[in-house]
Amino acid sequence: MAERVETPEEGAGMRLDGVVRVEVEAPVDPTTAFMIFTQEIGQWWRPGPINWSNASAAVGVRIEPGPGGRWIEVHNRRTGEGVTQGRFLIWDLGSRLVFLYEDIGHALDGTEVEIRFQAVEDGCRVTLEHRGWERVAPDVRSRARNLKRWGWGNILNWYADWAFWGSPLRVTETH
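Cut-offs and rules
Residues numbered from 1 in each chain as written. Predicted model: local features only at pLDDT ≥ 70, side-chain atom pairs only at ≥ 80, totals over all residues. Heavy atoms only, no water. Helix = DSSP H or I, 4+ residues; strand = E, 2+ residues; numbered from the N terminus. Salt bridge = Lys/Arg side-chain N within 4 Å of Asp/Glu carboxyl O. Buried < 20%, exposed > 50% of the residue type's maximum accessible area, 1.4 Å probe, protein only. Contact = heavy atoms within 4.5 Å. Polar contact = N/O pair within 3.5 Å; in protein donor to acceptor, adjacent residues only side chain to side chain. Phe/Tyr/Trp six-rings, centres within 6.5 Å; stacked < 30°, edge-to-face > 60°. Lys NZ or Arg CZ within 6 Å of the ring centre and 35° of its normal.

### So, unusual backbone geometry
Even without being a glycine, Asp122 presents a positive backbone phi close to 70 degrees. Its location among the elements puts Asp122 in the loop between strand S9 (112-120) and strand S10 (123-131).

### Some remarks on the pattern of salt bridges
Per the counting criterion, the structure on display carries 15 salt bridges. Between Arg125 and Glu25 there is a salt bridge, with the nearest N and O atoms lying 3.7 Å from each other. Of this pair, Arg125 sits in strand S10 while Glu25 is found in strand S4 (residues 19-26), placing the two residues 100 residues apart along the sequence. Judged by relative accessible area, Glu25 falls into the partly exposed class, the value being 46%. Where Glu81 meets Arg62, a salt bridge forms, and the shortest distance between an N and an O atom there is 3.0 Å. Pair noted here: Glu81 is in the loop between strand S6 (70-74) and strand S7 (82-92) and Arg62 is in strand S5 (residues 60-63), with a separation of 19 residues, a long-range link. Residue class for Glu81 comes out partly exposed when judged on its relative accessible area of 32%.

### Examining the environment of His130
Structurally, His130 is set in strand S10. Take His130: its relative accessible area is 0%, and that puts it in the buried class. Spatially, the C-alpha atoms of His130 and Val22 are 8.9 Å apart, while their sequence positions differ by 108 residues. In contact with His130, other than residues within four places in its own chain, are Val19, Val20, Tyr101, Leu108, Thr111, Glu112, Val113, Lys148 and Trp152. In terms of polar contacts, His130 uses its side chain to reach the side chain of Thr111, at 2.7 Å.

### Here we look at the packing of aromatic side chains
One pass over the full model with this rule turns up 15 aromatic pairs. The interplanar angle of 75 degrees and the centroid separation of 6.1 Å between the aromatic rings of Phe37 and Phe117 together place this pair among those described as edge-to-face. Of this pair, Phe37 sits in helix H1 (residues 30-39) while Phe117 is found in strand S9, placing the two residues 80 residues apart along the sequence. Look at Trp71 and Phe99: their rings are 5.0 Å apart centre to centre, the planes differ by 40 degrees, and that puts the pair in the tilted class. In this pair, Trp71 sits in strand S6 while Phe99 sits in strand S8 (residues 96-101), placing the two residues 28 residues apart along the sequence. Residue placement shows Lys148 over the ring face of Trp152; its charged tip is 5.2 Å from the ring centre.

Everything listed is a geometric property; what it means functionally is a separate question.
Below, the structure written as structure tokens:
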């Protein structure tokens, strides 16, 4: 199960509204964990009415690799197009991803999500931090942070389950 931790974030001498931090472990090295996260997201992401921006149109999720690439909620299976959920600012294979939350018109637009991949004994620790809450309207900030804390925890658990049980990359690596 993902560890859900919310800690204060310090910056430029002022206390901001904190970060949402979630961690899981995967039984693979950091580069493989990174590739499972990005290349196989369409396999490990679980569909459902609360997991989409537009549940009636969503048919999947995909990530375009590299800086400037998009995290996309797919609405058209044939073209792979849909709604941009984020745009990658940093793409450091095997180490970290950073994307700007970009769910057009969403209250969380402009917040930032960082995902780090760190070697640990028997695998990789995957840490997700959602920050930039000072950019969110005060009247929605607390509720949104709480929803994301639980939401990201569930999502990383899906990822960890897939990395252990389903990923062809893990099976290839361990055999």
